Amino acid sequence: MTSFDIRRVGGRIGAEVLGVDLSEPLAPHLVEEITSALLAHKALFFRDQSLDDADQIRFASLFGELTTAHPTVPSVAGQPHILPVDGEEGVRANRWHTDVTFVRTPPAVSTLRSLVVPPYGGNTLVANAAAAYADLPEVLRAFADRLWAVHTNDHDYAEPKNQAAAERRKVFTARRWQTAHPVVRVHPVSGERGLFIGGFAQRLVGLGTEESRDLLRILQSYVTRPENTVRWAWAPGDLVLFDNRITQHYAPDDYGDLPRRLHRVTVAGDVPVGVDGALSHVVEGDEAGHYTPAAASR
């Protein structure tokens, strides 16, 4: 029993939270209930919230210490914790991914808040990586348990389509990271196993390019099965909260030249752990201590 109503949006992932005003300070028991709901549903949706940047930062901070906006991309002016997510033509990240997995300690939780949304399209899809893992045939699941993938920010995550996109890619890759993560990550709170791959995962340790591409494609196909995903149609003022440790998300480029603007604030995460207890490790780059306090504290 919770202090608010929960309305499931998808069969395996996603729920809308009703009766909570995020512009007001939340009592500790309410934060605990929202945290429990997040663990259960992986993604929570809040409609009709009247929030500004300070409100979003305050809400995200309830779930832990914050990262800065991004390891390389500039923040909103004067707001070091807020990443502007702009749907400018040619710079859209039209690919499934988990946020910032190219560093050793990716965010634990992400919040997205809508400022400007198109009248059609521009939805966000979120996928349940635990359900994907559970769907794997037993033989493939045992194989995945032993795999490691190298994630990097230096690849065609958002393929440049014009000069503005090329410049943004230059900024995105201004510092290069490669980090090896377990393909199957054990959630630090729930203990669930989930496929920890997505757009930044570029190759499998010990395998060649073609084998890596083929195997990652097969595993990724389980994540993006329709039954493992939920689609959220944005309205101005919405806020989405999702568990970055066990989900992927995707923003389809289906709204032409219409404006779309969100603000993202992320909560610092820990070092991913594989089923054998091994920890993720940096292959190239540093611990990104300028970005996440989880790295700076190690």
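Structure: above.
Fair warning: this is a prediction, and the values are worked out from it, not measured in the lab. (Residues numbered from 1 in each chain as written. Predicted model: local features only at pLDDT ≥ 70, side-chain atom pairs only at ≥ 80, totals over all residues. Heavy atoms only, no water.)

Before going further, it helps to spend a moment on the sheet that holds strand E6 (residues 124-128). The strand order E12-E6-E14 describes an open sheet built from three strands, whose pairing is antiparallel. Single-partner strands in this sheet number two, and they are strand E12 (229-232) and strand E14 (247-250). Neighbour-to-neighbour, the strand axes of this sheet turn through a mean angle of 20°, independent of strand direction. In terms of strand pairing, E6 meets E12 through four bridges, oriented antiparallel. Among the inter-strand pairings, Thr-124 is bridged to a residue of E12, identified as Trp-232. (Pairing = 2+ DSSP bridges. Helix = DSSP H or I, 4+ residues; strand = E, 2+ residues; numbered from the N terminus. Axes fitted to C-alpha atoms, helices over the stretch in contact; angles between N-to-C directions.)

Bringing helix H6 (residues 209-223) into the picture now. An ideal rise of 1.5 Å per residue puts 21 Å on 15 residues; H6 measures up with 21 Å between its terminal C-alpha atoms. Among the residues making up H6, those that are buried are Ser-212, Leu-216, Leu-219, Gln-220, Tyr-222 and Val-223. Viewed end-on, H6 has its buried residues packed into an arc of 140°, placing them on one side of the element. Away from its buried face, by an angle of more than 90 degrees, H6 presents the exposed residues Glu-210, Arg-213 and Arg-217. (Expected span 1.5 Å × (residues − 1). Buried < 20%, exposed > 50% of the residue type's maximum accessible area, 1.4 Å probe, protein only. Arc of directions from axis to C-beta.)

The next subject is the side chain of His-41. Looking at the secondary structure, you find His-41 in helix H1 (residues 28-41). Classification of His-41 as buried rests on a relative accessible area of 15%. Among residues more than four places away in sequence, those in contact with His-41 are Ile-6, Arg-8, Ile-13, Gly-14 and Ala-15. (Contact = heavy atoms within 4.5 Å.)

Computed from the structure, the largest pocket encloses a volume of approximately 380 Å³. Every element with two or more residues in the lining of the largest pocket is listed here: strand E11 (201-204) and H6. Considering each element in turn, the lining of the largest pocket owes the most residues, five residues, to H6. (1 Å grid on protein atoms, 1.4 Å probe; cavity = no way out; pocket = protein on both sides within 12 Å on 5 of 7 lines; lining within 4 Å. Points joined across faces, edges and corners; volume = space filled by probe spheres on them.)

The geometry of a pair of packed helices is captured by two quantities: the angle between their axes and the separation between those axes. Put simply, helix H4 (residues 138-145) and H6 touch, their axes get as near as 12 Å, and they point 115° apart. Seen along the crossing, H4 lies across H6 with a hand that is left-handed. For the pair formed by H4 and H6, the contact residues are Leu-140, Phe-143 and Ala-144 on the first element and Leu-215, Ile-218, Leu-219 and Tyr-222 on the second. Among the residues forming the contact of H4 with H6, the class breakdown is seven nonpolar, no polar and no charged. (Left-handed = near helix turned anticlockwise from the far one by under 90°. Nonpolar A, V, L, I, M, F, W, Y, C, P; charged D, E, K, R; others polar.)

On to the environment of Gly-198, then. Inspection of the secondary structure assignment puts Gly-198 in the loop between strand E10 (193-195) and E11. The buried category is assigned to Gly-198, whose relative accessible area is 12%. In the structure, Gly-198 is positioned 53 residues away from Asp-145 in sequence and 16 Å away in space, judged by C-alpha atoms. In this structure, Gly-198 is in contact with Trp-96, His-97, Gln-220 and Gln-248, ignoring residues within four places of it in sequence.

Here Pro-236 is to be found in the loop between E12 and strand E13 (239-243). Contact partners of Pro-236, with chain neighbours within four places excluded, come to Ser-114, Leu-115 and Val-117.

Any functional reading would require information that these geometric values do not contain.
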